[in-house]
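Residue-level structural notes
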Amino acid sequence: MASFKVQTKGFNDIIDITDKTEKIVEDSGVDNGIAMIFVVGSTAGITTIEYEKGVVEDLKEIFEKIAPVKGNYYHEEAWHDGNGFSHVRAAILKPSLTVPIESGKLLLGTWQQVVLVDFDNKPRERKVVVKVV
Ligand code: ZN
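Below, the structure is looked at part by part. This structure is a prediction, so every number in the text was calculated from the model and none was measured.

As for the coordination of the zinc ion
- Within the protein, the atoms that donate to the zinc ion are His 75 (NE2), Asp 81 (OD), Asn 83 (OD1) and His 87 (NE2), at distances of 2.1 to 2.3 Å.
- Coordination at the zinc ion is irregular, judged from the four donor atoms that bind it and the angles of 89 to 166° they form at the metal.

Regarding the nonpolar core
- In this structure, Phe 4, Val 6, Ile 17, Ile 37, Ile 46, Leu 116 and Val 128 are the most contacted members of the largest nonpolar core, which totals 19 residues.
- Elements supplying a minimum of two residues to this core: strand S1 (2-8), helix H1 (18-28), strand S3 (33-39), strand S4 (44-49), strand S5 (96-102), strand S7 (113-118) and strand S8 (124-132).
- In this structure Phe 4 touches Ile 17, Lys 20, Thr 21, Ile 24, Arg 126, Lys 127, Val 128 and Val 130, once residues within four positions along its chain are discounted.
- In this structure, Ile 14, Ile 49, Phe 63 and Leu 93 belong to the second largest nonpolar core, which totals nine residues.

What about unusual backbone geometry?
- Phi is positive for Asn 12, close to 70°, though the residue is something other than glycine.
- When you line up the elements, Asn 12 lands in the loop between S1 and strand S2 (13-16).

Regarding the packing of aromatic side chains
- Applying the stated criterion to the full structure yields two aromatic pairs.
- Judged by centre distance (6.3 Å) and plane angle (20°), the rings of Phe 11 and Phe 85 are stacked. Of this pair, Phe 11 sits in the loop between S1 and S2 while Phe 85 sits in helix H4 (residues 84-93), and the two are 74 residues apart along the sequence.
- Looking at Phe 85, the relative accessible area reads 1%, which means it is buried.

A few points about the pattern of salt bridges
- Throughout the structure, instances matching the rule amount to seven salt bridges.
- For Asp 27, the salt bridge is made with Lys 23, and the minimal N-O distance between the two is 2.8 Å. Of this pair, Asp 27 and Lys 23 both sit in helix H1, separated by four residues, roughly a single helical turn.
- Residues Glu 57 and Lys 60 are paired through a salt bridge, measuring 3.8 Å at the closest nitrogen-oxygen approach. Here the residue Glu 57 and the residue Lys 60 both occupy positions in helix H2 (residues 53-66), the gap between them amounting to three residues, near one helical turn.
- Under the relative-accessibility criterion, Lys 60 is labelled partly exposed at 24%.

Section: the sheet that holds strand S6 (residues 105-106)
- Here we have five strands laid out as an open sheet, ordered S1-S8-S3-S5-S6, and antiparallel in their pairing. At either end of the open sheet lies a strand with only one pairing partner, and these are S1 and S6.
- Pairing between S3 and S8: five bridges, direction antiparallel. The residue of S8 that forms the bridge with Met 36 is Lys 131.

About the criteria used
- Residues numbered from 1 in each chain as written.
- Predicted model: local features only at pLDDT ≥ 70, side-chain atom pairs only at ≥ 80, totals over all residues.
- Heavy atoms only, no water.
- Donors = N, O, S within 2.8 Å, 3.2 Å for Na, K, Ca; no water.
- Tetrahedral: all angles 85-135°; square planar, octahedral: opposite > 155°, others 65-115°.
- Core = buried A, V, L, I, M, F, W, Y, C linked by side-chain atoms within 4.5 Å.
- Buried < 20%, exposed > 50% of the residue type's maximum accessible area, 1.4 Å probe, protein only.
- Helix = DSSP H or I, 4+ residues; strand = E, 2+ residues; numbered from the N terminus.
- Contact = heavy atoms within 4.5 Å.
- Phe/Tyr/Trp six-rings, centres within 6.5 Å; stacked < 30°, edge-to-face > 60°.
- Salt bridge = Lys/Arg side-chain N within 4 Å of Asp/Glu carboxyl O.
- Pairing = 2+ DSSP bridges.

Just distances and angles here, no functional claims.
Dropping the structure here:
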């Protein structure tokens, strides 16, 4: 199983994982197929974005509107870990992404990077699994 680790700061930390994912695809030797990229855990998600400062900030602001840090969450009653917002955001974004592989490379646009978004309320070490078929 191919995977890599990512250190995050939590709180919507958005990290470009395109190069690490691309390396696994190259090492797999698969020329034509799909890569499924999955983050282990219930408070992070994976998507694509144009990885530039403006849109990265825009995405953070939108998540604050959808599930505010200071909102009321039933999860808090169960666990008292203060990260109800993290679980809700992660569920909406989803933990995995599938990207086509063409000529041994991820079929991404020039301004389209694969990113991990860590929604948790503390720094985390994340495990990202990449399945190439
Ligand atoms: Zn929790």
